[in-house]
Amino acid sequence: MKKFRFLFLSVLFVFSACEEEDISSPSAPVLDAKSRILPAGDPNLDPNWNWESSQWVAYFTNIGGSIGTASTVNPFFNDPIFGNADPSQIDMRASDGWMLVARDFGTPTSAPRHPWIMLYNKYRGLLRVCVLRTSDLLTSDQNLSLEFDSSVVAPTSFIFTGETEQLANTKTGSLQWMVGEFNLQGYDPTINRQARLRVNIREVANQDITLNGGITLIGVAQPKPKPFGVSNLFEIGSYTSKLFDKLPDFGDNTFKDVVKDLTKPELLGAAGGLIKSFTSSGKSPTYNISLVGEIALQGTMSLSTQRGTVDVYLRTDANNSGQYKALNNIPWGVMRYKSEVGIKVQANYVQQIPMWFINYTTPTGFFDNILGINPTLSSQVSSIEAGWVKFEQDNVQLQSLNTFKAQVLREQVQLPLRPWESGNIGEIIDGILKQFEVAVRITYSNGDVVYNRIPVKRIP
């Protein structure tokens, strides 16, 4: 598609034609909230500490440098997302698979800036991080991000998220707990001894913003082929049964993503959305367009300020010199895939129709040595099922893993393309191939369920 030449006649992106609220960052100084060294005998080193009580007492270093104390409600009793009004239904107990990774609630003589605790569910591969919001945070919005320390080889725990960092948004008041949940379902049998999780604590200031102005678009347009349909099923990549339906919608980030850097190309990109109605499927000659009108963009701008970092070694035998490390031997991860699933592709063009016939098949033994399950959990597994996620099909037929492995995929896609539309057939084939995946579901004897998808690749 040829690029448009955009002329901005009356929108001045330096805010001369904009109405906006004050978007200054929080006025509190950025505090050094790095982790402290825990001396031998510190109560926070107790691997058997009971986190299930309804009250948590924590000590923290305040802005003035003195140590304060707070008797707080255990967030799993009242958090709007992770809590439950019925104490018997609270999802944080050891009997449900939760384990204490590490914590620092401070002491009367030494305390962190932000007390925190990490809990991990061995069946579902979920990490929950709770951080106490102390007085140096001025806004009600925060976020917690999780990544791995890059100084050593990181485990493949994020394999099912497709990211190198995960983000959890929170909204709490003073001396309340920020709670974030992260997906660590990827199982890695060779975790580096010095591998370390890193939790970043940020304060977020959200401001409403409105941009008003005029716009003129002049250029040459060419219709863009409509992409092949993608089922809503492909929006669900990984989930665990006890939380999936409780996550709230934190808002529409479309506008925020467009204007986050406040640059002219980003705003022009948003304006380009005005001419999307000119595009259609198929090929046709180019044509000239001219569009004049007014533009009004409204949305939310977010500014974040780093407030602290917590690093925790994953292994109990890490050389940590008093730094935080796992207090218990955590069976990190649930499942993994050793390689992508191989699929053979054969494409034939029948000129008389005209039609492309694309056949996707799997060879014998296509799923052998692909799936790996954390062996420490095998005695608790009730069933392992697998099934194909197919192109433009909503339903996934799951069956026992052995039955699935014994079957062969035979799928045909027919594309009614004219000769001059077949130049990019290779890209079309690969695009369709990306929409085939293998779904895997593990059910445990306690009723917990973990579902993930394994991608595919083209093989000779």
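All of these numbers come straight from a predicted model, not from anything done at the bench.

Draft legend 1. Up close: the sheet that holds strand β6 (residues 116-121). Read across the sheet, 4 strands follow the order β5-β6-β7-β10 without closing on themselves; strand pairing throughout is antiparallel. Taken across any chain shown, the strands that pair with only one partner, and hence form the sheet edges, are β5 (98-104) and β10 (177-183). In this sheet, neighbouring strand axes are inclined to one another by 15° on average, regardless of whether the strands run parallel or antiparallel. Sheet topology places β5 next to β6; 6 bridges connect them, and they run antiparallel. Paired with leucine 100 across the bridge in β6 is leucine 119.

Draft legend 2. How the structure looks around the packing of aromatic side chains. Taken as a whole and judged by the stated rule, the model has 18 aromatic pairs. Arranged with centres 5.5 Å apart and planes meeting at 50°, the rings of tryptophan 56 and phenylalanine 105 form a pair that is tilted. With tryptophan 56 in strand β3 (residues 55-61) and phenylalanine 105 in the loop between β5 and β6, the pair connects residues that are 49 residues apart, well separated along the chain. As far as the burial class goes, tryptophan 56 and phenylalanine 105 line up, both buried. A centroid spacing of 4.8 Å and a plane angle of 80° characterise the contact between tryptophan 116 and tyrosine 324, whose relative ring orientation is edge-to-face. Remark: tyrosine 324 occurs in the loop between β13 (287-313) and β14 (335-337) and tryptophan 116 occurs in strand β6; sequence separation between them is 208 residues. In this pair, the class of tryptophan 116 matches that of tyrosine 324, namely buried. The structure contains a cluster of three or more aromatic residues connected by ring pairs, namely Trp49, Trp56, Phe76, Phe105 and Trp177. Directly above the aromatic system of tryptophan 49 lies the positively charged group of arginine 103, at a separation of 3.9 Å from the ring centroid. The residue whose ring lies beneath arginine 103 is phenylalanine 105, and the NZ or CZ to ring-centre distance is 5.1 Å.

Draft legend 3. Layout of the pattern of salt bridges. Scanning the model with the defined rule gives 17 salt bridges in all. The partner of lysine 390 in a salt bridge is glutamate 411, with the nearest N and O atoms 3.5 Å apart. Here glutamate 411 lies in strand β20 (residues 410-415) and lysine 390 lies in the loop between β18 (381-389) and β19 (399-400), a separation of 21 residues in the sequence. Its salt-bridge partner being arginine 453, residue glutamate 437 comes within 2.4 Å of it at the nearest N-O pair. A residue pair is termed long-range when its members are at least 10 positions apart, and glutamate 437 in strand β21 (residues 437-444) and arginine 453 in strand β22 (residues 449-459) qualify at 16 residues. For arginine 453, a relative accessible area of 14% puts it in the buried group. Here the residues in one salt-bridge network are Asp91, Arg124, Arg128, Glu181 and Asp448, joined through shared partners.

Thresholds applied
- Residues numbered from 1 in each chain as written.
- Predicted model: local features only at pLDDT ≥ 70, side-chain atom pairs only at ≥ 80, totals over all residues.
- Heavy atoms only, no water.
- Pairing = 2+ DSSP bridges.
- Helix = DSSP H or I, 4+ residues; strand = E, 2+ residues; numbered from the N terminus.
- Axes fitted to C-alpha atoms, helices over the stretch in contact; angles between N-to-C directions.
- Phe/Tyr/Trp six-rings, centres within 6.5 Å; stacked < 30°, edge-to-face > 60°.
- Buried < 20%, exposed > 50% of the residue type's maximum accessible area, 1.4 Å probe, protein only.
- Lys NZ or Arg CZ within 6 Å of the ring centre and 35° of its normal.
- Salt bridge = Lys/Arg side-chain N within 4 Å of Asp/Glu carboxyl O.

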